[in-house]
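Overview (structure and organization)
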Amino acid sequence: MSIKTYTLNGVTTIEIARPEKKNALTRAMYQSMADALLAANDDKSCRAVLIQGQPNIFTSGNDIEDFMSSPPRDESAPVFQFMRALLACEKPVVAAVNGAAIGIGTTLLLHCDLVYVADDARLAMPFVGLGLVPEFGSSLVVPRLLGHVKAAEKLLLGDPFTGADAADCGIANAVLPASEVANHARRVAERFNNLAPTAVRESKRLMRRHSVEQLTDTIKVEAELFSARLRSPEAMEAFQAFFQKRQPDFSKFD
Ligand code: COA
């Protein structure tokens with residue numbers, strides 16, 4: 001089982017647990033996470049959702065083998081269902097990040113409400129390096145948070161960045177020692193047990209309503225490009241290079 005979910009003391013935890021593949025996310029895992037988010041949304045005993053990985057890895061992003069063998073075709077794909085459920089989740093979503101959070105591992109944080117990162121966290125959005133484009137609103141949210149030139153380091157060059165950088169630029173709330181992140185995030189999530197649930201839900205909706213339309217439009221445009229790029233020779237070269245443990249060679253493309 002590579003996604004564990006359980007609800008305890010008002011918090012629904014979604015734990016990514018596929019450490020042998022660095023928590024790479026498969027279609028089945030996206031589907032489980034989508035189902036868990038939808039269930040949490042309807043579960044009256046759930047006051048907040050906590051997304052976490054393993055003590056040394058959050059996620060290495062989309063499973064690259066899945067990208068090659070069954071790329072998402074349309075909005076019914078499990079990855080869309082997961083991101084749609086995350087964006088629509090009325091309950092507060094808290095994330096605890098240890099180790100690497102690559103690709104969608106960083107993208108999903110942009111849509112959480114409270115994000116805590118370890119001092120050993122390593123975030124990256126290496127889409128261009130894989131022959132791809134940014135996804136699920138990152139081309140809108142990252143430049144908004146960082147400004148264009150700093151966003152270009154992360155989205156065009158794909159430079160990785162630390163937990164401290166993530167907190168500095170507003171992607172994360174705080175950096176904590178690696179051994180404390182999960183407990184701290186859980187304690188924050190449990191604070192919602194003492195808050196008025198309808199006021200929390202309505203406040204979350206108010207905070208997001210101005211950007212919903214633009215975000216939805218951006219996600220649609222990104223998805224069309226991303227889907228086409230997944231089938232491109234540039235992406236195939238990058239995926240094969242990953243499994244052959246070599247650098248991709250883009251010199252033949254124009
Ligand atoms: N998809 C599929 N398999 C993955 C994966 C991914 N995203 N990330 C890691 N794996 C697999 C590796 O192929 C390897 O499998 P193997 O043991 O059968 O050879 C195993 O997980 C361990 O990965 P490895 O790269 O050896 O671990 P590492 O500690 O040296 O590096 C990462 C960890 C996360 C830095 C590195 O795995 C990585 O960069 N992964 C890809 C990130 C990425 O580009 N994601 C897609 C973003 S859109």
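Located above this text is the structure these notes cover.
Quantities reported herein were computed from a predicted structural model and do not represent experimental measurements.

Digging into the nonpolar core
- Counting 62 residues, the largest nonpolar core has Val-49, Phe-82, Leu-108, Leu-109 and Leu-132 as the members making the most contacts within it.
- Sequence-distant contacts of Leu-108, that is, excluding residues within four places in its chain, are made with Ile-51, Phe-58, Phe-82, Met-83 and Leu-86.
- Leu-50, Val-94, Phe-192 and Val-200 belong to the second largest nonpolar core, which has 15 residues in total.

A word on the environment of Glu-234
- Topologically, Glu-234 is positioned in helix α10 (residues 233–243).
- Since its relative accessible area comes to 23%, Glu-234 is described here as partly exposed.
- As a C-alpha pair, Glu-234 and Gly-131 span 103 residues in sequence and 5.0 Å in three-dimensional space.
- Non-local contacts of Glu-234, meaning those with residues more than four positions away in its chain, are made with Leu-130, Gly-131, Arg-229, Phe-250 and Phe-253.

Focus: the packing of aromatic side chains
- Applying the stated rule across the entire model yields seven aromatic pairs.
- Note on Phe-250 and Phe-253: the rings are 6.3 Å apart at their centroids and 50° apart in plane angle, and the pair reads as tilted.
- Assessed through its relative accessible area of 30%, Phe-250 is described here as partly exposed.
- Ring pairing ties together the aromatic residues Phe-67, Phe-127, Phe-226 and Phe-239, which thus form one cluster.
- Here the basic side chain of Lys-154 rests over the ring of Phe-161, its NZ or CZ set 4.8 Å away from the ring centre.

Digging into the site of the ligand
- In the vicinity of the ligand lie 14 residues, with Lys-21, Lys-22, Ser-60, Asn-62 and Ile-64 positioned nearest.
- Here an oxygen atom of the ligand sits 3.3 Å away from a polar atom, N or O, in the side chain of Lys-22.
- Contact distances for the ligand include 2.8 Å between a nitrogen atom and a backbone N or O atom of Ser-60.
- Its free accessible area being 880 Å², the ligand has 66% of it covered by the protein chains.
- Spatially, the ligand is embedded in the second largest pocket.
- Residue composition of the shell around the ligand, by class: six nonpolar, three polar and five charged.

Observations concerning the layout of surface pockets
- In this structure, the largest pocket spans a volume of roughly 1,100 Å³.
- If you go around the largest pocket, you meet 40 residues; those closest to its centre are Leu-87, His-111, Arg-208, Ser-211 and Leu-215.
- Secondary structure elements with two or more residues in the lining of the largest pocket: α3 (78–88), β7 (114–118), α5 (138–146) and α9 (197–230).
- At 14 residues, the largest contribution of residues to the lining of the largest pocket is made by α9.

Conventions used here
- Residues numbered from 1 in each chain as written.
- Predicted model: local features only at pLDDT ≥ 70, side-chain atom pairs only at ≥ 80, totals over all residues.
- Heavy atoms only, no water.
- Core = buried A, V, L, I, M, F, W, Y, C linked by side-chain atoms within 4.5 Å.
- Buried < 20%, exposed > 50% of the residue type's maximum accessible area, 1.4 Å probe, protein only.
- Contact = heavy atoms within 4.5 Å.
- Helix = DSSP H or I, 4+ residues; strand = E, 2+ residues; numbered from the N terminus.
- Phe/Tyr/Trp six-rings, centres within 6.5 Å; stacked < 30°, edge-to-face > 60°.
- Lys NZ or Arg CZ within 6 Å of the ring centre and 35° of its normal.
- Near = heavy atom within 4 Å.
- Polar contact = N/O pair within 3.5 Å; in protein donor to acceptor, adjacent residues only side chain to side chain.
- Areas by Shrake-Rupley, 256 points an atom, 1.4 Å probe, with all protein chains shown as cover.
- 1 Å grid on protein atoms, 1.4 Å probe; cavity = no way out; pocket = protein on both sides within 12 Å on 5 of 7 lines; lining within 4 Å.
- Sits in = over half its atoms within 2 Å of the grid points.
- Nonpolar A, V, L, I, M, F, W, Y, C, P; charged D, E, K, R; others polar.
- Points joined across faces, edges and corners; volume = space filled by probe spheres on them.

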